[in-house]
Amino acid sequence: MPREAELSLNEREFLLQALRENVRLDGRPFDTFRNVELKFGEEYGVADVQLGKTRIVVRVSCDVTAPYPDRKFDGIFNITTEFSPMASPAFEVGRPNESEVILSRILEKAIRRSSALDTESLCIIAGQKCFAVRADIHVLDHDGGLVDAACIALIAALQHFRRPDVTVEGENVTVYSLREREPVPLAMLHHPLCVTFSYFHSGEVVLVDATLAEEQVRESEVIVTMNRHGEICQIAKYGGSPIDAVSLLTCTSSALGKVQALWKYIQEKLDEDAKKRDAGGLMAELSAENAR
Amino acid sequence: MTSTLLLLPGDEVPSSLLPKGNHKPLVLGPGLRHAPPSSVRATVSGTLTVDARKNALWIETNRGRYIPHVNDLVIATVLRSSSDFYHCTITPHAAQANLPQLAFESATRKTRPQLAPGALVYARISSASRDMDPELSCVSASSGKADGLGPLKGGMLFDVSLGFCRRLLLSESKVPLPAEQGGGAVTILEALAEKIGFEVAVGRNGKLWVDGGDVKMTLAVGKALQQTDQERLTLDQQKKLAAKTLRELGS
Amino acid sequence: MAVPEATLSHLNRADGSATYSSNGYTVVGAVNGPIEVQRRDELPEEAAIEVNIRPAVGVGSTKERYLESILQSTLRRIILTHTFPRTLIQLTLQVVNTPAPFDCPFTSSPLPLLPALLETAMLALLSASLPLASTYTSVGLALAMPSPVKKKASLSATAIMPIDDKALEQASSIHVFAFTADGDLLVAESEGLFAPEYWEHAYDRALELCIGSKDGRAEGEMVVEGEPEDRNESQWLRSVMQEKAEQEQRWKT
């Protein structure tokens with residue numbers, strides 16, 4: 001089974017020595033993200049995020065199906081993450097490795113179980129018809145920070161997505177195609193974003209948004225998911241060396257600033273895109289309705 | 001002599017460009033193959049380069065994965081050791097290269113260097129064929145001397161493009177040729193070395209090893225080289241970059 | 001026909017990569033290789049080629065497997081696999097964008113996507129500098145026959161269009177061709193209702209679109225800034241590579 005190429009001893013030692021001297025290889029301060037670049041596709045619900053050299057494309061789509069029998073009033077929302085050898089030859093098709101499992105679990109907890117998307121709003125006729133929204137996460141380039149980048153892309157794509165409009169008359173449901181009627185944005189309850197903290201030198205050095213090389217050397221990581229109101233959706237620490245409980249508090253307060261800045265950036269990009277799409281001014285009214 | 005003729009795979013080299021009036025056998029370098037009876041076809045995309053003096057032609061490219069060739073200098077990482085060999089990687093996920101444990105300067109069973117997994121070695125490819133795993137050596141076959149090869153201690157590894165490695169090695173020769181004559185046109189190393197001291201090893205496999213003594217120096221040199229590669233800086237721009245780097249180092 | 005767009009070598013991890021978009025299809029391709037091959041796939045005399053096609057939505061199904069098999073057998077003829085025995089050349093094609101689905105007889109057909117996949121694969125292989133026997137170009141055509149279909153219906157009444165939304169709506173059959181730079185037929189896939197002479201008609205048109213008229217191309221011809229009508233896929237490919245080569249040689253000036 002192919003494995004991710006490991007760093008040489010020289011690189012490891014150099015990286016750790018540099019961190020001891022307060023230097024990151026790319027010259028960033030410890031607590032800053034790499035450059036984030038967000039682009040939207042021509043269609044609704046396609047977000048392309050570039051975080052440093054990491055690149056992730058998320059595509060949100062939906063169709064109409066029957067709801068689960070035990071959840072009659074809820075629509076369906078699924079997130080799929082499948083790595084391909086494009087991001088690294090170490091990823092094998094159909095055989096999820098550890099980072100793939102972690103990514104899908106974190107996103108599941110951070111976005112789906114935190115009810116970021118109001119699934120009740122996806123219900124069309126209780127017990128019979130609902131929308132099934134799915135988000136496909138494609139990792140094109142991998143240089144660390146997959147969780148953070150995927151979360152940014154996913155939230156942006158969900159917010160950008162428009163589902164077809166429907167009308168219900170008794171038992172009859174009419175789904176209008178995008179050409180017939182202006183599609184409807186999804187009802188988002190809040191916008192959780194992930195910030196990953198990496199620990200080095202038994203907790204003395206804490207990095208935000210580690211690159212792949214830094215990820216390979218770190219002792220442990222903590223992933224905090226939070227929305228811009230400072231509400232924590234989840235905190236994950238999968239093994240690694242123990243960290244001080246107090247440092248968790250530092251993490252969460254530092255995460256808040258990051259999340260707010262990221263959300264502001266996403267919002268700006270969404271507005272920019274809306275303006276571009278909307279020549280007549282109709283969309284401006286629509287987006288005003290949905291601003292929370 | 002370089003031409004600006006771009007060839008795509010399958011294109012025939014125009015016979016007018018084949019070097020003539022030379023009794024040496026025609027040498028086809030990387031990216032070309034002989035298509036019987038008398039034509040030469042490209043197999044990769046790139047610009048055709050002709051050296052009339054050596055009666056050789058090849059295609060210049062700057063992309064893709066490194067493929068081992070005999071006598072290339074590479075920076076390899078030791079993966080594990082067995083009783084007679086160190087098993088190394090030259091490029092990730094490719095076939096492992098074997099480095100005999102006695103292929104170091106004046107190495108005997110007792111004095112051979114002990115390399116841990118993850119250690120870096122600067123080595124020459126002593127044999128490479130498509131049917132066998134490549135073999136490495138850290139001694140010159142003729143003199144038995146290390147000639148600068150051997151384990152690399154400390155320092156840092158930087159990834160650069162394959163074409164840039166080639167250019168660096170070309171520029172290192174005693175009489176650097178200008179770009180028009182096939183030279184590498186890299187001056188940043190000399191420009192930096194005028195003021196600061198550091199060690200560099202260039203591996204044809206797209207790896208650069210730099211040791212400037214401390215973190216700051218090593219990083220500054222490595223970054224400057226990477227920038228020269230990525231932004232394809234011309235000689236003048238390289239001089240400017242060198243000056244800027246030196247200023248930031250405060251020397 | 002809209003001019004396709006291409007970006008080369010833009011991914012950092014892969015050995016070669018390319019993004020190709022044309023007529024609403026966008027595909028990102030990455031090539032890794034030659035790398036170590038798993039024992040079960042190892043071929044003693046040549047490199048194994050693995051093609052992974054990943055749809056924009058959902059996980060791969062039989063449609064993707066079918067396209068993979070076409071690409072795999074095509075690329076085996078193009079890549080000089082004997083240069084690297086017992087290795088693996090891994091090609092991943094990620095579909096990023098497809099035109100919005102609509103009702104037409106070919107909604108679920110895999111063929112409209114095939115030209116974009118073939119072109120992306122070519123660009124990614126060029127970007128990876130893997131040794132190739134030749135380049136190829138591909139084009140998809142939709143035939144709209146006057147209905148009801150009569151044998152010997154006049155060929156001139158048949159519209160031949162490059163595959164896009166509009167063409168698919170009226171199409172009675174679709175055809176995908178790929179030609180090597182020398183004009184040899186490499187791939188021919190067809191679907192729908194058509195008579196042999198229609199296929200030949202489509203073949204001629206595809207050849208014209210891919211490499212221009214048969215006698216119009218001289219050996220080692222450089223890119224000509226022609227009228228949009230004169231433009232063909234081979235010229236386009238050459239101009240993309242020319243641009244890339246110039247970028248890479250910038251330090252020489």
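Residues numbered from 1 in each chain as written. Chains lettered and ligands numbered in written order. Predicted model: local features only at pLDDT ≥ 70, side-chain atom pairs only at ≥ 80, totals over all residues.

Looking at an unreviewed UniProt entry, chain C carries the name Exoribonuclease phosphorolytic domain-containing protein, with the source organism given as Rhizodiscina lignyota. In the Sequence similarities (unreviewed entry) part of its UniProt record, chain C is described as follows: "Belongs to the RNase PH family." What UniProt states about chain C under its Subcellular location (unreviewed entry) heading is, verbatim, "Nucleus". (UniProt positions renumbered as here; feature names shortened; annotations may be inferred.)

As annotated in an unreviewed UniProt entry, chain A carries the name Exosome complex component RRP45 and comes from Rhizodiscina lignyota. Quoted straight from UniProt, the Sequence similarities (unreviewed entry) entry for chain A says "Belongs to the RNase PH family."

Visitor: What is the right way to look at the overall build of chain C in this model?
Guide: Secondary structure assignment for chain C yields five helices and nine strands. Along the chain direction, N to C, the helices and strands of chain C fall in the order β-β-β-β-α-β-α-β-β-α-β-β-α-α. Expressed as a percentage of the 253 residues in chain C, the buried residues total 47%. Put simply, 69% of the contacts in chain C that link residues at least 6 apart link residues at least 24 apart. (Helix = DSSP H or I, 4+ residues; strand = E, 2+ residues; numbered from the N terminus. Buried ≥ 20, exposed ≤ 12 C-beta atoms within 10 Å, placed from the backbone. Contact = placed C-beta atoms within 7 Å.)

Visitor: Explain the interface of chain B and chain C to me, please; I cannot follow it from the model alone.
Guide: Size of an interface: often given as the accessible area lost when the parts come together. If you look at the interface, chain B gives 28 residues, while chain C gives 35 residues. Residue composition of the side of chain B that touches chain C, by class: ten nonpolar, eleven polar and seven charged. (Nonpolar A, V, L, I, M, F, W, Y, C, P; charged D, E, K, R; others polar.)

Visitor: Is there a simple way to think about the nonpolar core in this case?
Guide: Soluble globular proteins tend to bury their nonpolar side chains together. Counting 204 residues, the largest nonpolar core has Ala150, Ile152, Ala153, Leu154 and Ala157 of chain A, Val121 of chain B together with Leu117 of chain C as its most contacted members. The dominant element in this core, judged by the number of residues it contributes, is helix H3 (residues 146–160) of chain A, at twelve residues. Setting aside chain neighbours within four positions, we find alanine 150 of chain A in contact with Ile56, Leu103, Leu107 and Ile137 of chain A. (Core = buried A, V, L, I, M, F, W, Y, C linked by C-beta atoms within 7 Å.)

Visitor: Explain the sheet that holds strand S13 (residues 156–159) of chain B here, please?
Guide: All names here are of chain B. Here we have three strands laid out as an open sheet, ordered S13-S15-S14, and antiparallel in their pairing. A strand with exactly one partner marks an edge of an open sheet, and here the two such strands are S13 and strand S14 (199–203). Sheet twist, expressed as the mean angle between neighbouring strand axes with direction ignored, is 20°. The pairing of S13 with strand S15 (residues 207–211) spans four bridges and is antiparallel. Its bridge partner lying in S15, leucine 157 is registered against tryptophan 209. The sheet contacts of helix H3 (residues 215–230) involve S13 and S15, and relative to S15 the element is tilted by about 150°. (Pairing = 2+ DSSP bridges. Axes fitted to C-alpha atoms, helices over the stretch in contact; angles between N-to-C directions.)

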